[in-house]
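Commentary on secondary and tertiary structure
Residues per chain are reported as follows:
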Amino acid sequence: MKTFTSAIPLRRLLLLAALIIPQALHAETWHATVGAQNPDKGRQALAFLPNEIWIHAGDSITWTFAADEIHTLTFLQPAQVRPPFQVGCPGVTPSDSSFDGTVCVNSGTLVEPSTYTVMFPSPGNFKLVCLVHPNMTGVVHVLNPSEPLPHDQAFYDRLAAAEARDLITDADHSGSQSVAAQSSGNNVTAGTGEIVATAGGQQTLSVVRFIQPTTVIHAGETVEWANSDPVTPHTVTFGAEPANPIPPSGNVTVDADGALHAVINSPSDSVHSGLIMAAPQERTGLAQSPISVTRFRVTFTSPGTYPFICVLHDDLGMMGKVVVLK
C-alpha cells in the first residue's frame, strides 16, 4: 500500500513532464529587422521588416535594429492612446519581456546594432508600432501550437530583404522628378518621402537630405526651405545648435502666409527654424489640426558661406550651405 501511494506523485510528475516538454521543445525564436538604410544613410526605411509574421504561442521574436535613425519597438494595449516616444508606454521594458495584450511592452529608442526580444505566451493578433514614426506599423499573428504556420524563417528573411530593397531604392521615380523641379533657384527641399501600405501595416521611405544642398545667391536675396516628407520633421539650423529643437529661435518672425522668416547678417549668426513638418491628418472625433509650418525663409544681407544642418539628422549627413555673393 505504501508503495502504491508513493507511486502516484511520480506518475503525476511523469504526466506533467510529458505535457510540458513538447511545448518547450516547440518554442522557437524568430528573427526580424527594424529599419534599413542605404550606405550613405540618406535614405531611411522606417519599417518593421517584414511587417507581418506568423508564429506559435510560446515563441519569441528577436528584432535587430539595422539603421542609425532611432526607432522603438512597441506593443500597446488595445485602445491605448499612442504616447510620445519620450514617455514610452509608459517607460521602457527589458528585452525578453512577454506580451499578451494586457500590459504594454516598449524597447525605448534604439539604433543599430541593438536587438530586442519579445515572447508571446498566448494566441492573438498583435499590432506593433514605432513611437517615433507614426506611419511605421506591423502585426504579429500568434497561433495555437496545434495550427500550422504558413511560412518559415527563410521566407521572412527574403520578404524583409525585398521590403527593404523596395523602400530604399524607391522604384516609383515620378515623385522624385517633381521634388527635383522644386529644388531649384532659391528653393530647397528639406527632406522628402512617401508612405507605403502593406497587408501588415504601413512603411515609410524618408530621404533625410537637403535635395539641393548647396545654393548660390547674391546678398539681399532670400532662400526658402520646404519639407516634402509626409511624416518626418526636419530643421534648418545655422550656427549654434539649440538645446530644444522644437521651437524656433527668438530671431525668427512669421510672414503673412504663415512661413517662418529670419535675417542673417553674418556667417557667425545663429538661426534655428524649429521643426518644419507636415501637419497630422485629421481623424474622426478629433479636432481639426492647425496648419503646420512647412516653410522656412532666410534673407542673407552679406556675402559669405553659411553652413546649415538639420539638428535631428545631421548625424546621418543632412547638411548643406548657402554661398552668398556680392
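Residues numbered from 1 in each chain as written. Predicted model: local features only at pLDDT ≥ 70, side-chain atom pairs only at ≥ 80, totals over all residues. Heavy atoms only, no water.

1. Brief notes about the environment of Asp 314
By the element assignment, Asp 314 lies in the loop between β20 (304-309) and β21 (319-325). Sequence-wise, Asp 314 and Arg 209 are 105 residues apart; in three dimensions their C-alpha atoms are separated by 9.1 Å. Once residues lying within four places of it in the same chain are set aside, the contact partners of Asp 314 are Glu 241, Ile 309 and Met 319. (Helix = DSSP H or I, 4+ residues; strand = E, 2+ residues; numbered from the N terminus. Contact = heavy atoms within 4.5 Å.)

2. Details of the state of the cysteines
Summed over the entire model, instances satisfying the criterion amount to 1 disulfide. Between the sulfur of Cys 89 and that of Cys 104 lies a disulfide, 2.3 Å long from S to S. With the S-S bond torsion at 85 degrees, the cross-link from Cys 89 to Cys 104 turns out right-handed. Linking Cys 89 in the loop between β5 (74-75) and β6 (97-98) with Cys 104 in the loop between β6 and β7 (105-106), this pair joins segments that are 15 residues apart in sequence. For Cys 89, a relative accessible area of 3% gives the class buried. On the basis of relative accessible area, Cys 104 is assigned to the buried category, the value being 7%. (Disulfide = S-S within 2.5 Å. Buried < 20%, exposed > 50% of the residue type's maximum accessible area, 1.4 Å probe, protein only.)

3. Here's the deal with the pairing of strand β10 (residues 137-143)
For β10, a buried count of 7 out of 7 residues is recorded, marking the element as mostly surrounded by other parts of the structure. Covered by surrounding structure in β10 are Thr 137, Val 139, His 141 and Leu 143 together with Gly 138, Val 140 and Val 142, the residues of both alternating faces. Where strand β3 (residues 52-56) meets β10, 5 bridges bridge the pair, whose relative direction is parallel. Opposite His 56, over in β10, you have Leu 143 as the bridge partner. Pairing between strand β9 (residues 124-129) and β10: 6 bridges, direction antiparallel. By the bridge assignment for β10, Lys 127 is matched with Val 139. (Pairing = 2+ DSSP bridges.)

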